[in-house]
Amino acid sequence: MKKRYTPLILLIAVILSIFIGRTLLAHSHNAPRLFDLFSSLTTLGALLVLAQGYRRLRPFDWLMALGLGALVGAGMLFATLFSPYPFLGIIRDANGQAFVRGLFTFLAALGGLVVLRQGGPVPFPAANGQWRKSGGGILLGLAVGLPLAVINVVALQFTQGQAIQRQSPLAALLDALQPGIVEEVIYRFALWGLLWLVLRNSLPEGAPWLAGLLATLVHTFAHLDALLAQSPLTALGMGLAMFVLWGLPLFFLARRRGLESAIAFHWIQDMARFAAGF
């Protein structure tokens, strides 16, 4: 029985060590952001999976991954409302950000697709040519996400003490694709899939859900790296609230309706906040 849970315990220990180590380091050094650390590790894992299983990919898989990467890279060049933190504190300009974000999306998508072709936990209907299912998932993601997007804007007004400042709806619509696509491809598709690969043999029935919950928790708390260093208990409470309100819907949408549904949910959250000036 203990051996069954050993991979899960090791995964949790590694994830916690990254969070705790980075938080402690931030008190005395310029520590990399948690998003940069986990995105880099996930992309590296996706690259390893790709090197081992690229033969599983279909021609359309390559086109789909390339399209997502190109969309992110090109969109970053023209972004006006979305301004990412310097990657690893080094890459600051739009060209460098466009290259890194596009490349990470491309590689993470390929790694996720390799996992998908092995029966992975997150469907991607569009990659299988299931356009009706893909469209339905997108519509559901938008429907579920809209009321929570309103709540998010209200919460941001309260926590930041800032009134709504209307921004260009078109710019908000386009720029929201950046976090919507990049974060969902890396965390909801690639990371979830990689964690599932680790757990599928020891916990075959629980692996899809356990891997998904771990990936969602990582994604949620990675938003709070500054607060974790300043006030860990506050960050813990806020992170759990964010996990319940915004993490779990993404978890269920991705698992039940596919990657596109999670992207749509995430997109409308950021579109609303960008349009409101946050």
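The rules behind each value
Residues numbered from 1 in each chain as written. Predicted model: local features only at pLDDT ≥ 70, side-chain atom pairs only at ≥ 80, totals over all residues. Heavy atoms only, no water. Axes fitted to C-alpha atoms, helices over the stretch in contact; angles between N-to-C directions. Helix = DSSP H or I, 4+ residues; strand = E, 2+ residues; numbered from the N terminus. Parallel < 35°, antiparallel > 145°, perpendicular 65-115°, else oblique. Contact = heavy atoms within 4.5 Å. Nonpolar A, V, L, I, M, F, W, Y, C, P; charged D, E, K, R; others polar. Patch = residues over 30% accessible without salt bridge, like charges linked within 9 Å, V, L, I, M, F, W, Y side chains within 5 Å. Areas by Shrake-Rupley, 256 points an atom, 1.4 Å probe, with all protein chains shown as cover. Salt bridge = Lys/Arg side-chain N within 4 Å of Asp/Glu carboxyl O. Phe/Tyr/Trp six-rings, centres within 6.5 Å; stacked < 30°, edge-to-face > 60°. Buried < 20%, exposed > 50% of the residue type's maximum accessible area, 1.4 Å probe, protein only. Lys NZ or Arg CZ within 6 Å of the ring centre and 35° of its normal. Left-handed = near helix turned anticlockwise from the far one by under 90°. Core = buried A, V, L, I, M, F, W, Y, C linked by side-chain atoms within 4.5 Å. Expected span 1.5 Å × (residues − 1). Bend = angle between axes of the 7 residues up to and from the residue.

### Digging into the packing of helix 5 (residues 131-160) against helix 10 (residues 232-257)
The interhelical angle for the contact between helix 5 and helix 10, taken along N-to-C directions, is 175°, at an axis separation of 11 Å. Considering their axes alone, helix 5 and helix 10 lie roughly antiparallel with respect to each other. Packed against helix 5, whose contacting residues are Lys133, Gly136, Gly137, Leu140, Gly141, Val144, Leu148, Ile151 and Asn152, the element helix 10 presents Leu245, Trp246, Pro249, Leu253 and Arg257 at the interface. Taken together, the residues that form the contact of helix 5 with helix 10 break down as eight nonpolar, four polar and two charged.

### Some words on a nonpolar patch on the surface
Together, Ile12, Leu16, Ile20 and Leu24 line one region of the surface with nonpolar side chains, adding up to about 370 Å² of accessible area. Checked against the element boundaries, Ile20 lands in helix 1 (residues 2-25).

### Details of the packing of aromatic side chains
Overall, the coordinates contain ten aromatic pairs when judged by the stated rule. Arranged with centres 6.2 Å apart and planes meeting at 55°, the rings of Phe82 and Phe274 form a pair that is tilted. Of this pair, Phe82 sits in the loop between helix 3 (59-77) and helix 4 (94-116) while Phe274 sits in helix 11 (residues 259-275); the two residues are 192 residues apart in sequence, bridging distant segments of the chain. The class of Phe274 is buried, set by a relative accessible area of 3%. Of the aromatic side chains, those joined through ring pairs into one cluster are Trp192, Trp209, Phe251 and Phe252. Over the aromatic face of Trp209 sits the side chain of Arg255, whose NZ or CZ is 5.4 Å from the ring centroid.

### A look at the packing of helix 3 against helix 7 (residues 177-199)
Between helix 3 and helix 7, the least distance of the axes is 10 Å, while the angle of their chain directions is 140°. Taken as axis vectors, helix 3 and helix 7 run oblique relative to one another. Regarding helix 3 and helix 7, the two cross each other, and that crossing is left-handed. Judged by residue contacts, Leu68, Leu71, Val72, Gly75 and Met76 of helix 3 engage Gln178, Ile181, Val182 and Val185 from helix 7. In terms of residue class, the contact of helix 3 with helix 7 is made up of seven nonpolar, two polar and no charged.

### Focus: the nonpolar core
Grouped together as the largest cluster of nonpolar side chains are 63 residues, with contacts concentrated most on Phe19, Phe38, Leu113 and Phe124. Here this core gets 13 residues from one element, more than from any other, and that element is helix 7. Ignoring anything within four residues of it in the chain, the contact list for Phe38 reads Ile15, Ile18, Phe19, Tyr187 and Val218. By size, the runner-up hydrophobic cluster in this structure holds 14 residues, among which are Met76, Ala98, Ala176 and Phe278.

### A look at unusual backbone geometry
At Leu88, a position not held by glycine, the phi torsion is positive, near 55°. Inspection of the secondary structure assignment puts Leu88 in the loop between helix 3 and helix 4. With relative accessibility at 39%, the residue Leu88 sits in the partly exposed group.

### Quick notes on helix 5
Helix length check: helix 5, at 30 residues, gives a terminal C-alpha distance of 40 Å against a target of 44 Å (1.5 Å per residue), a fit within 8%. Remark: the principal bend of helix 5, roughly 35°, maps to Leu146, with a proline, Pro147, within the next four residues. Looking only at helix 5, the buried set comprises Ser134, Gly137, Gly141, Gly145, Leu148, Ala149, Asn152, Val153 and Leu156. Of the surrounding elements, those touching the buried residues of helix 5 are helix 10 and helix 11. Two residues or fewer after helix 5 comes Gly161, characterised by a positive phi angle close to 60°.

These figures capture arrangement, not role.
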